[in-house]
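Okay, here's what each chain looks like letter by letter:
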Amino acid sequence: MDKKLLIIDGLNLIRRLYAALESEQDLERRVERTQSIAIEALAKLTHQFDPDYAVVVFDSNGKTWRHKVYPEYKLGRVPMDDKLLESLPDFARVFRFNRLPCLRIEGWEADDLIATLAVKAANSNVKSYIISTDKGFTQLLGNDHILQYDYFAKLGYDKVWVPGKYGVEPHQLMDYWALVGDTTNRIPGVKGIGPKTALTIIRDFSTIEDIYANLASFPERIQKMLAGGYDQCLLSRSLVALRTDVDIGVRLSQLRYV
């Protein structure tokens, strides 16, 4: 039987639990309630998946490499409440007290750390379960050893689910998002190209390089939309692609859940 690694997107879980308590006017009490509910959620997840290894991954403060190459990355996102931001170290301490290792590396988003952990575990025949509502992780689902689970919707996602949702295979998602953009993170696509047009384009040529090498094959309307967008598409693809080569400095054995 495959060993299992449970990877929890810490802020994704905490922020959604916190948002659900918006009727609580006392911010200190709201944070306390969020912490309590988060511990319950983690207990349910560890019981459900019965992992051999587990980790809660957090974003670092400040800017990452994506902000450096594209300053508008995530611009305009609603900032986290100060009270919640200040309390994150307390969340990590409580999680550790409940036997869940926590990981945070300065200058890196949790997404890249999670992707690196999942891929490295998969390469060692350890099945990873990524607990997050973030659609970006679906690009990893082409690997049979990587699955995603939405704790709030109680839904699991695998490589069979991806084509039904997006119309493309997991490995094509980065090129697909390069064309349509990612509004959540303020990453632009090609103006005028929506999901249907993007699928038409990718059906014939599956990478940005192939698409632009064969522009003459497309109808004039699509050629006009694509014209001059090559560099932007490459940039957008690099931004949506999760890094899987982060030097985490943590051995899988250090994440053993006991």
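Up top you'll find the structure we're talking about.
Predicted, not measured: the structure shown is a model, and the values here were computed from it.

Rules used in this analysis
- Residues numbered from 1 in each chain as written.
- Predicted model: local features only at pLDDT ≥ 70, side-chain atom pairs only at ≥ 80, totals over all residues.
- Heavy atoms only, no water.
- Helix = DSSP H or I, 4+ residues; strand = E, 2+ residues; numbered from the N terminus.
- Expected span 1.5 Å × (residues − 1).
- Bend = angle between axes of the 7 residues up to and from the residue.
- Buried < 20%, exposed > 50% of the residue type's maximum accessible area, 1.4 Å probe, protein only.
- Contact = heavy atoms within 4.5 Å.
- Salt bridge = Lys/Arg side-chain N within 4 Å of Asp/Glu carboxyl O.
- Pairing = 2+ DSSP bridges.
- 1 Å grid on protein atoms, 1.4 Å probe; cavity = no way out; pocket = protein on both sides within 12 Å on 5 of 7 lines; lining within 4 Å.
- Points joined across faces, edges and corners; volume = space filled by probe spheres on them.
- Nonpolar A, V, L, I, M, F, W, Y, C, P; charged D, E, K, R; others polar.

Here's the deal with helix H4 (residues 82–97)
- Counted at 1.5 Å a residue, the expected span for H4 with its 16 residues is 22 Å, and the 24 Å between its end C-alpha atoms agrees.
- At Leu88, H4 shows its maximal bend, which comes to roughly 40 degrees, and the proline Pro89 appears one to four places after that position.
- Residues of H4 that are buried include every one of Leu84, Ser87, Leu88, Phe91, Ala92 and Phe95, and no others.
- If you follow the buried residues of H4, they end up packed against helix H1 (10–19), helix H2 (27–49), strand E2 (53–57) and strand E3 (102–103).
- Backbone geometry just after H4 places Arg99 at a positive phi near 70 degrees.

Points about unusual backbone geometry
- At Lys74, a residue that is not glycine, the phi angle is positive and equals roughly 60 degrees.
- Structurally, Lys74 can be placed in the loop between helix H3 (65–69) and H4.
- One non-glycine residue, Asn125, lies in the positive phi region at around 60 degrees.
- Relative to the elements of secondary structure, Asn125 occurs in the loop between helix H5 (110–123) and strand E4 (126–131).

Structural notes on the pattern of salt bridges
- Summed over the entire model, instances satisfying the criterion amount to 13 salt bridges.
- Notably, a salt bridge pairs Arg237 with Glu209, separated by 2.6 Å at the nearest N-O pair. Of this pair, Arg237 sits in helix H11 (residues 230–240) while Glu209 is found in helix H9 (residues 208–213), placing the two residues 28 residues apart along the sequence.
- Overall, the relative accessible area of 32% leaves Glu209 in the partly exposed class.

A closer look at the sheet that holds strand E6 (residues 155–157)
- Pairing within the open sheet is mixed, and its 6 strands lie in the order E3-E2-E1-E4-E5-E6. The open sheet is flanked by E3 and E6, the only strands paired with a single partner.

Remarks on the pairing of E4
- Here E4 lies mainly inside the structure; 5 of its 6 residues are buried.
- In this sheet, E4 lies alongside strand E1 (residues 3–9) in parallel orientation, the contact comprising 6 bridges. Counted as the bridge partner of Lys4 is Lys127 from E4.
- Inspection of the sheet shows E4 paired to strand E5 (residues 146–150) by 4 bridges, in the parallel sense. Along E5, the bridge assignment pairs Ser128 with Ile146.

Focus: the layout of surface pockets
- Quantified by volume, the largest pocket comes out at close to 1,200 Å³.
- For the largest pocket, the lining is made up of 40 residues, of which Arg15, Asp59, Lys74, Arg77 and Glu109 are closest to its centre.
- Only H1, H3, H4 and H11 provide two or more residues apiece to the lining of the largest pocket.
- Counting residues per element, the lining of the largest pocket draws most heavily on H1, at 4 residues.
- Considered class by class, the residues forming the lining of the largest pocket number 15 nonpolar, 12 polar and 13 charged.

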